[in-house]
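Overview (structure and organization)
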Amino acid sequence: MTQKIALVTGASRGLGAAFAEALSTDYHVVAVARTTGALEELDDRIQAKGGSATLAPMDITNVDAMAQLCRSIHDRWGKIDLWVHAAVHGAPLTPAGHIDQKDWNKSVSINVTATGQLIPFLAPLLGEDGQAVFFSDDTRTGQKFFGSYGATKAAQTAVVRSWQAETEKTGPRVSVLAPNGMPTGTRARFFPGENKDDLVHPRDEAARLLAELGL
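Quick caveat: nothing in here was measured; it's all calculated off a predicted structure. (Residues numbered from 1 in each chain as written. Predicted model: local features only at pLDDT ≥ 70, side-chain atom pairs only at ≥ 80, totals over all residues. Heavy atoms only, no water.)

Considerations on the pairing of strand S1 (residues 4-9)
Put simply, the test is: Only protein chains enter the area calculation, which uses a 1.4 Å probe; residues under 20% of their type maximum are buried, those over 50% are exposed, and those in between are partly exposed. By definition, any uninterrupted DSSP run of H or I lasting at least four residues is a helix, any uninterrupted run of E lasting at least two residues is a strand, and each is numbered from the N terminus. Strands pair, by our definition, only if DSSP identifies at least two bridges between them. Crossovers are described as right-handed under a simple rule: with the strands pointing away from the observer, the path leading from the first strand over the helix to the second runs clockwise.
Judged by how many residues are buried, S1 sits mostly within the fold: five of six residues are covered. Taken together, the six bridges between S1 and strand S2 (residues 27-33) define a ladder with parallel strand orientation. Residue pairing for S2: Val-8 is matched across the bridge by Ala-31. The β-α-β motif built from S1, the intervening helix H1 (residues 14-23) and the parallel element S2 has right-handed crossover chirality. Where S1 lies against strand S4 (residues 82-85), four bridges are found, and the strand directions are parallel. If you follow Val-8 over to S4, its bridge partner there is Val-84.

Some points on helix H4 (residues 101-126)
This is how it is decided: For a helix, the expected span equals 1.5 Å multiplied by the residue count minus one. Contacts: residue pairs with any heavy atoms within 4.5 Å of one another. Polar contacts, as counted here, are pairs of nitrogen or oxygen atoms within 3.5 Å of one another; within protein the pair requires one atom able to donate a hydrogen and one able to accept it, and residues that are adjacent in sequence qualify only if both atoms are side-chain atoms.
Helix length check: H4, at 26 residues, gives a terminal C-alpha distance of 35 Å against a target of 38 Å (1.5 Å per residue), a fit within 8%. The inward-facing, buried residues of H4 abut S1, helix H3 (63-77), S4, strand S5 (131-135) and helix H5 (147-166). The backbone nitrogen of Lys-102 has a side-chain oxygen 3.0 Å away, supplied by the residue at the start of H4, namely Asp-100. A positive backbone phi angle near 60° is found at Gly-127, which sits one or two residues after H4.

Focus: the side chain of Ser-24
Note that Ser-24 resides in the loop between H1 and S2. Of the residues examined, Ser-24 reaches a relative accessible area of 3% and is grouped as buried. The contact partners of Ser-24, leaving out residues within four places of it in the chain, are Gln-3, Val-29, Ile-46 and Gly-51.

Written out as structure tokens, the structure is:
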């Protein structure tokens, strides 16, 4: 296969799915998410556009499964050209003094630990010429009731920005983007009563961010 390869983690819904669909016109997409049905719906949309995808229904916190996926990518294609990391856990809003331990652990596992595990796995596949894309949400850091989400997104961004600084001259290119508000499931958990007319559709936001990346 001479087509470029894009790995999208968190590809089942929201911005991740929009990125996967948009990229499928120029890349073969490896779509990773836990929800098989949503991945199959994504695959239908990609095929309708004339694109192709490999579906990987797995949990990014399962280190053995992700190691096997990366090994399979290496054996099949030898590299990836682009990694878009859109997987995130938005814990329910709560005062810091009432944070549920399960929600905290899940936030740390998905938002922080998985990122720290995936970067070493994927850096060799990206090589010097690849590109990795992450999404920040700095406005939530320190905001009341956002303790779990804000802290773990800030930690994720800190790890990514260190990698970005380390690879500035050697590659891969690491980008941290700031999406506008979108009517996603995660945002609905945070702001259930807001007017969705003021939000940007993930498809439109993906197009804007891809243009910002020059892709």
